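Analysis of the macromolecular model
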Amino acid sequence: MFPPLKKYVERRTGQTIQPLHGSYPRTMNWDLLPSPCDLLQQASTALKVIQLPLHIYHLDVLSSLTWATLRELALYGFYPDARPPFISVLHAMPSLVSLKILSWSDSLVICPSRMTGIVRVPPLQELMIVPLALTDPFFALLPDSLVSLSIRDAPRYYVPYRSTPSRLVPVDQFRSLFRSRTFPSLQSLEVVFRVADNDFAAQEAMYQAMIQSCPHISSLEIHCYYFPNRNATLVRVTSSHASRTN
């Protein structure tokens, strides 16, 4: 039997598997290392931290296992299949407090409307995500325990004149999100959005909604991308970071 792990990290470049990192004994025989899927199946009941590539570990595998002790989950890379919805994975992780989904998938569905009443979201304190849209019901289900929220782009920053504006969430969706609910415990917020050039009224409306929705923010990072029209290339970038101390 493979020794119990507390942490599992896998990084892949192309078809090459880089070394796996975990709480392995120093005297372990590496020839006995099982396949990654077998390893997860053996270790899922004890793992506290995992980082996995989405294009290798399909969500049906993750949702079929028991993750009673998992506290931190980070998924990255391209995700080719939207089945099952990601909320089914979260439903199997009742102790999760940190979730990072850095995927540029065009098909990743977090929570279909039909599942909003039959699944639960764990008591997340940290969420970093690259969404297609904020209209996914998942955002309405986020717990009040959330302390840090980052809704961002992937890759990390868009390059002027070379990026696709459709990959960025429009400002009106952020306005709707902040108007629809409050984040009473939120202290750190990052938002990345696109807005029509010179549409300062839309930005102001979003900022006002954000202030009302997040009354205890102490750290705020904003990346605003302006476009002359919906399908144009990026022509100007502004970003700002603000921190408040008592």
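Definitions and cut-offs
Residues numbered from 1 in each chain as written. Predicted model: local features only at pLDDT ≥ 70, side-chain atom pairs only at ≥ 80, totals over all residues. Heavy atoms only, no water. Salt bridge = Lys/Arg side-chain N within 4 Å of Asp/Glu carboxyl O. Helix = DSSP H or I, 4+ residues; strand = E, 2+ residues; numbered from the N terminus. Buried < 20%, exposed > 50% of the residue type's maximum accessible area, 1.4 Å probe, protein only. Phe/Tyr/Trp six-rings, centres within 6.5 Å; stacked < 30°, edge-to-face > 60°. Lys, Arg positive; Asp, Glu negative; His and termini not counted. Polar contact = N/O pair within 3.5 Å; in protein donor to acceptor, adjacent residues only side chain to side chain. Pairing = 2+ DSSP bridges. Contact = heavy atoms within 4.5 Å.

Turning our eyes to something else, we now look at the pattern of salt bridges. Taken as a whole and judged by the stated rule, the model has two salt bridges. The partner of Glu-126 in a salt bridge is Lys-100, and the shortest N-O contact between them spans 3.9 Å. Here Glu-126, found in strand 7 (residues 126-129), pairs with Lys-100, found in strand 6 (residues 98-102); they are 26 residues apart in sequence, far enough to count as distant. A relative accessible area of 28% means that Glu-126 is categorised as partly exposed. Residue Lys-100 is classed as partly exposed on the basis of its relative accessible area of 29%. Residue Arg-181 pairs with Asp-144 through a salt bridge whose shortest N-O separation is 3.5 Å. With Arg-181 in the loop between helix 5 (171-180) and strand 10 (188-196) and Asp-144 in the loop between helix 4 (138-141) and strand 8 (148-151), the pair connects residues that are 37 residues apart, well separated along the chain. A residue is classified by how much of its surface remains accessible, and Arg-181, at 12% relative accessible area, is buried. By relative accessible area, Asp-144 is classed as partly exposed at 46%.

Tallying each qualifying case throughout the model produces four aromatic pairs. With a centroid separation of 5.6 Å and an interplanar angle of 70°, the aromatic rings of Phe-138 and Phe-139 are classed as edge-to-face. Summarising the burial analysis for this pair, Phe-138 and Phe-139 share the class buried. With centroids separated by 6.4 Å and ring planes inclined at 75°, the aromatic side chains of Phe-178 and Phe-183 adopt a geometry described as edge-to-face.

What follows covers the side chain of Arg-194. Looking at where Arg-194 falls in the secondary structure, it is placed in strand 10. Within the buried core, Arg-194 has no salt-bridge partner, and the shortest N-O distance to an opposite charge, that of Asp-172, equals 6.8 Å. Within the structure, Arg-194 has its side chain in polar contact with the backbone oxygen of Leu-168 (distance 2.8 Å).

This next bit is on the pairing of strand 5 (residues 72-76). Along any regular strand the residues' side chains alternate between the sheet's two faces. In this sheet, strand 5 lies alongside strand 4 (residues 49-53) in parallel orientation, the contact comprising five bridges. Paired with Val-49 across the bridge in strand 5 is Glu-72. As defined by bridge partners, strand 5 adjoins strand 6 across five bridges and the pair is classed as parallel. Each residue of the ladder has a partner; that of Tyr-76, found in strand 6, is Leu-102.

Attention shifts here to the side chain of Arg-181. At 3.2 Å, the side chain of Arg-181 and the backbone oxygen of Phe-139 are in polar contact. Not counting residues up to four positions away in its chain, the partners in contact with Arg-181 are Phe-139, Ala-140, Leu-141, Leu-142, Pro-143, Asp-144 and Ser-213.

By themselves, these observations are geometric and do not establish any function.
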